[in-house]
Amino acid sequence: MRKIFLGTLFVLCATSLFAQYSGKPPTVAVKGTLKGKIVEAGSKTPLEYANVAIYSSKDSALVGGAIANINGVFEVKDILPGKYYLDAKFIGYEHTKIGNIVINPKERNVDLGTLLLNPAAENIDEVKVYAQDAPIVYDIDKKVIDPAQFPTSANGTATDVLANTPSVVVDIEGNVTLRGSSNFTVLIDGRPTPFDAEDALDQIPASTIRNIELITNPSAKYDPDGNAGIININTKKSKLTGVSGILNATADTYGSISGDFLLNYKLDKFNVFLSANKSNRYGRGFSRDSTITFGADTINTISSGKNERGRDSWSVKTGFDYFMNDKNTLSFNVSLNGRDRIRGGTNDFHEYSTNGYDLKSVTESTSQGLSKNVAFSLDYKKTFEKEGQELTAYVNYEKGNGEELSYYDQFNVDEVLIEGQKNWETGNEDEFRFQLDYVHPFTKTLKLEAGYQTRLDREFEWNDVHWYNAVDDYEPSSASTYYNESYFSRDIHSAYTTFSGSENIFGYKLGIRTEHTDRSIDYSGASEAFEINRWDFFPSAHFSLKLPFEQQFTASYSRRIQRPRGYYLEPFTTYVNAYSIRQGNPEIEPEYINSYEVGYQKQLQKGFISTEIYHRKTINKIERLRSVYSENVMLQTIDNIGEDFSTGVELMLNYRPTKWWNFNLMGNLYSYKVQGVLYDEEQVETSENWHARLGNTFTLTKTTKLQFDAMYHAPTNSIQGRREGFAFTNLAVRQDFLDNKLNLTFSIRDVLQTAKFGFKSSGPDFYSERSFDMDSPVYSVTLSYKINNYRKKRGNSGSGEGSMMDMGEGDY
């Protein structure tokens, strides 16, 4: 790890020195400030994230820049005396240029007032929508990703977009990790989702996403849930007066078909929208498993076969915004969601032992989960005379139910059914959430935020097992072990406050959050309920330091919690097949995480470079564990095993060598250590991990783009085993028609057919290997059409603290 830090410090120092001495040394002079406000022409809506660049009138050299905050306000400091011109731009809007700006000792502070940006749709022939833009915006506490810059993911979901972003790894089976951890929180438009993180990401079409925020060290304002942080998906909504919308359709060679639409109707006082999507996504490949168990007899179990997985999902969402006056807005939303997830296959099994036992069989197994839910939400926002002062209230109620059926049938070589099992699990959930937030600016640079939240959750689960009776039918199990009812309740009450400000080149944001949790789990057969009643405290701190020559340092700390997922706590025993079962653990304690980050960003003439060093310590580490259940039957369960530590460096370079070629290079190198008690013995596992991605986008013509991506993820260790490395290569071509109203994207996933997965695990009485080869390459096509030249809504998507990086022009 010392090498990682030395190398990183060398890069930071070298980059900083290069930036400072690559041009003329600064002279001792009185420096000035340039400020203003950027709004949309017509509606006067502030344009958060609009980019401002300051150039020297003498040689057009970039001398400074800023990103507009949530109120559209920008400020560029430390400008030397001279003549300059300003270029203001934003995705989907025309550039606005202002010349003859003079900074001198008598006029050091220049206020440009309000700058108006015209929508690109108003004069489409004059809009430059062809340039490739920077895909990442860096804020004081988050990264903002523009999915429009990744054509290879246009035909997929939020999961496919994240596969192209820093900090995130998506493996061959679609499992998502954020800086090596699968425990993170997913928000949609800043609000919680009823689904698990990975299910939520896989259900949101990429075509409906405005941007994605990666918040690896959230402030105390956010819920503290999630080991690795928060992924916030901001969806599209138009601000055009009248009717506007967008329609998308996708198909691939797996047989996956999906489509979605969004329609918006806006008047002076009302904005009404309706959106829906239907998606059938499938995947398949060939798997091999080999397990050896050591007991009274050594038994080898080998299996292989084709396996498939699929996900059918749908959602309908509608709502309205009522603009009561210029200071009060009321919004109401209702959504219906459904999901049908299925996986399984037919596998050949061969089990044999040192004592002469030998059995060949074929197993057909399927696991299917169905769920539906309805959610209602009401939002109220009030602004005051003082700019930036606001009060917001949010109420949400969700009700859902689900059912899961798992079964396997085992046949001998004569195709006679010799064993079988069916497992049913049903349940329902009710969740209520209330949130109140207040923002009070003392000055333009000092701000206090405070809020209160209540979360109430109630769940009921029922589980039963039927076994094949060796005659001709299935019958209920007589063992109480296989029948369970469980009741789950959790009440969380929390309050937070943050204080943020800036002074010249220094910015800060300090916060504290406190929560009281009252949780109870009771299930049939238990002598008493498993209860938690406790107070927790979650501090956070963020700092930024802006330096000359478009450089910025950031540092942050946060304490977080990872609560066990619901199915982790279920004590049900479920057979996956004749040789594998799984079971939850109601005694699991939540994880507590301390996270530290230090970052550096540098704006270049034709791009930017970013570096982050991070350290994360997890207490009460939750780990999935495997053990021998009986003879050659493996049990997968979950438990707290101790602590883990991740320390690493993340690098990103975005650069445009020419007008027609833009590339971004991302890399993450980290040292991982997990230590704890396993099998009543102290265990320590370490590994050096890294992954890298190179993305290239070529503008072939004004309406044609080509993107090629290559990524590699190195092997990594866990407390019980090792996941082998894997690689992907993807290719996409995008063609625009009808003044960019119609877009056609053709993509190929896993071009070089390198997507292979391998995992090894071991214990005192077993050794196991598993591999999976995905059927590839996968060809897909996506068609997108914009009604009335639909544009994305510029809504509140975060703290709006400002950023160094430019999202530039976009495709909408």
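Residues numbered from 1 in each chain as written. Predicted model: local features only at pLDDT ≥ 70, side-chain atom pairs only at ≥ 80, totals over all residues. Heavy atoms only, no water.

1. Regarding the overall build of the protein chain
Condition: What counts as a helix is a DSSP run of H or I of at least four residues, what counts as a strand is a run of E of at least two, and both are numbered from the N terminus. With a 1.4 Å probe rolled over the protein chains alone, any residue whose accessible area is under 20% of its type maximum counts as buried; one over 50% counts as exposed, and the rest are partly exposed. Note on contacts: a residue pair qualifies if any of its non-hydrogen atoms lie within 4.5 Å across the two residues. Using a 1.4 Å probe, accessible areas were evaluated by the Shrake-Rupley method; residue-level cover was limited to the displayed protein chains.
Scanning the protein chain from terminus to terminus reveals three helices and 44 strands. The buried share of the protein chain, reckoned over its 812 residues, is 53%. Sequence-distant contacts, at least 24 apart, represent 67% of the contacts inside the protein chain between residues at least 6 apart. A total of about 34,800 Å² of accessible surface is found on the protein chain, and carbon and sulfur atoms cover 56% of it.

2. Looking at the sheet that holds strand S3 (residues 62-67)
Going by this rule: Two strands pair under a simple rule: DSSP has to find at least two bridges between them. Axes here mean lines fitted to C-alpha atoms, for a helix over just the part in contact, with angles spanning 0 to 180 degrees between N-to-C directions.
If you walk across this open sheet you meet the four strands as S3-S2-S5-S6, and the pairing is antiparallel. Bordering the open sheet on either side are S3 and strand S6 (96-103), each of which pairs with just one other strand. Averaged over all pairs of adjacent strands, the angle between strand axes in this sheet comes to 20°, irrespective of strand direction. Across six bridges, the pairing between strand S5 (residues 82-89) and S6 is antiparallel. Along S6, the bridge assignment pairs Ala88 with Thr96.

3. Details of the environment of Gly511
Locating Gly511 in the fold gives a position in strand S27 (residues 506-523). Looking at Gly511, the relative accessible area reads 13%, which means it is buried. In sequence terms Gly511 and Ala541 are 30 residues apart; their C-alpha atoms lie 6.3 Å from each other. Here Gly511 is in contact with Ala220, Thr497, Thr498, Phe538, Pro539 and Ser540, once residues within four sequence places are set aside.

4. Regarding the sheet that holds strand S1 (residues 32-40)
Spatially, S4-S1-S7 is the arrangement adopted by the three strands of the open sheet, whose pairing is mixed. Strands with a single pairing partner mark the edges of an open sheet, and in this sheet they are strand S4 (73-79) and strand S7 (109-117). Here the average twist between neighbouring strands, direction ignored, is 20°. Pairing between S1 and S4: five bridges, direction antiparallel. Counterpart to Lys37 in the pairing with S4 is Val73.

5. Observations concerning the side chain of Thr185
Relative to the assigned elements, Thr185 resides in strand S12 (residues 185-188). The class for Thr185 is buried, based on a relative accessible area of 18%. In this structure, Thr185 is in contact with Asp225, Gly226, Gly229, Ile230 and Ile231, ignoring residues within four places of it in sequence.

6. Concerning the nonpolar core
The line we're drawing: As used in this record, nonpolar core signifies buried Ala, Val, Leu, Ile, Met, Phe, Trp, Tyr and Cys residues forming a set joined through side-chain atoms within 4.5 Å.
Residues Leu34, Ile38, Val52, Ile54, Phe74, Leu86 and Ala88 are the most contacted members of the largest nonpolar core, which totals 23 residues. Of all elements in the fold, only S1, strand S2 (51-56), S3, S4, S5, S6 and S7 reach the threshold of two or more residues within this core. Residues within four places of Ile38 in sequence aside, it is in contact with Thr45, Pro46, Leu47, Ala50, Val52, Gly72, Phe74, Ala88, Leu115 and Leu117.

7. Structural notes on the pattern of salt bridges
The criterion, for reference: Put simply, a salt bridge is a Lys or Arg side-chain nitrogen that is within 4 Å of an Asp or Glu carboxyl oxygen.
Counted by the stated rule, this structure contains 28 salt bridges. Residue Glu387 pairs with Lys37 through a salt bridge whose shortest N-O separation is 3.9 Å. Of this pair, Glu387 sits in the loop between strand S21 (358-383) and strand S22 (390-412) while Lys37 sits in strand S1, and the two are 350 residues apart along the sequence. With relative accessibility at 45%, the residue Glu387 sits in the partly exposed group. Linking Glu431 and Arg433 is a salt bridge whose minimum nitrogen-to-oxygen distance equals 3.8 Å. Grouping residues by exposure puts Glu431 and Arg433 together as buried. Shared partners join several salt bridges into a network, and the residues in it are Asp223, Asp225, Glu431, Arg433, Arg455, Arg513, Glu515 and Arg563.

8. Comments concerning the side chain of Ser718
Counting through the fold element by element, Ser718 comes out in the loop between strand S38 (716-717) and strand S39 (721-723). Residue Ser718 is classed as buried on the basis of its relative accessible area of 16%. Ignoring sequence-local partners within four residues, the contact set of Ser718 consists of Glu623, Val674, Glu685 and Phe759.

9. Looking at a negative patch on the surface
Under the convention used in this document: Here the term patch refers to residues with relative accessible area over 30% and no salt bridge, with like charges joined within 9 Å and nonpolar side chains (Val, Leu, Ile, Met, Phe, Trp, Tyr) within 5 Å. Positive residues here are Lys and Arg, negative ones are Asp and Glu, while His and the chain termini are left out of the count. Every charge is mapped onto a representative atom, which is NZ of Lys, CZ of Arg, CG of Asp or CD of Glu.
On the surface, a cluster of negative charge is made up of Asp518, Asp522, Glu528 and Glu531. Structurally, the position occupied by Asp522 is in strand S27. Given the relative accessible area of 33%, Asp522 is considered partly exposed.

10. Observations concerning the environment of Lys278
Our working rule: Side-chain atoms alone can form a polar contact between residues adjacent in sequence; in general such a contact is a pair of N or O atoms within 3.5 Å, and within protein one must be able to donate a hydrogen while the other accepts it.
Positionally, Lys278 belongs in strand S18 (residues 270-294). You can call Lys278 partly exposed: its relative accessible area is 42%. Once you skip the residues sitting within four places of it in the chain, Lys278 turns out to touch Ile257, Ser258, Gly259, Ser313 and Trp314. Among the polar contacts listed, one links the side chain of Lys278 to the side chain of Asn280, at a separation of 3.0 Å.

11. Points about the packing of aromatic side chains
Quick note on the threshold: Pairing of aromatic rings covers Phe, Tyr and Trp, the last through its six-membered ring, and needs centres within 6.5 Å; plane angles under 30 degrees mean stacked, over 60 mean edge-to-face, and all others mean tilted. Ring-over charges, as used throughout, are those where CZ of Arg or NZ of Lys falls within 6 Å of the ring centre and within 35 degrees of the ring normal.
Under the counting rule described, the total for this entry stands at 21 aromatic pairs. Seen from their ring centres, Phe499 and Tyr508 are 6.2 Å apart, and the 35° between their planes marks the pair as tilted. Given the relative accessible area of 29%, Phe499 is considered partly exposed. Aromatic side chains Tyr523 and Phe530 sit 6.1 Å apart centroid to centroid with 0° between the ring planes, which places their arrangement in the stacked category. Grouped by ring-pair contacts, the aromatic residues Phe442, Phe499, Phe506, Tyr508 and Phe543 constitute a single cluster. Seen from the ring of Phe384, Lys382 lies directly overhead, with NZ or CZ sitting 5.4 Å from the centre.

12. Section: the confidence of the model for the protein chain
Using the following cut-off: Scored from 0 to 100, pLDDT records how confident the predictor is in each individual residue.
Across the protein chain, the average pLDDT comes to 82, with 86% of residues at or above 70. Averaged over each element, pLDDT in the protein chain is lowest for helix H1 (residues 2-21) (45) and highest for S27 (93). Note on residues 1-28: pLDDT is under 50 here. Beyond four places in sequence and across chains, it has 28 contacts.

13. Quick notes on the pairing of S12
The pairing of S12 with strand S15 (residues 230-235) spans four bridges and is classified as parallel. Note on S15: the bridge partner recorded for Ile188 is Ile233. Pairing of S12 with strand S13 (residues 191-192) involves two bridges; the strand directions are antiparallel. What sits directly across from Leu187, in S13, is Pro192. As consecutive antiparallel partners, S12 and S13 are separated by two residues, and within that stretch Asp189 has a phi angle of approximately 55°, a positive value.

14. Points about the environment of Leu742
Of note, Leu742 is situated in strand S41 (residues 742-749). The spatial distance from the C-alpha of Leu742 to the C-alpha of Lys786 is 6.6 Å, given a sequence separation of 44 residues. Non-local contacts of Leu742, meaning those with residues more than four positions away in its chain, are made with Gln735, Asp736, Phe737, Leu783, Ser784 and Tyr785.

15. Here we look at the pairing of strand S36 (residues 681-701)
Sheet topology places strand S35 (residues 661-678) next to S36; 18 bridges connect them, and they run antiparallel. Pairing of Gln675 across the sheet is with Val684, part of S36. Bridging between S36 and strand S37 (residues 704-713) involves ten bridges; their strand directions are antiparallel. Each bridged residue has a counterpart across the sheet, and for Arg693 the counterpart in S37 is Met711. As consecutive antiparallel partners, S36 and S37 are separated by two residues.

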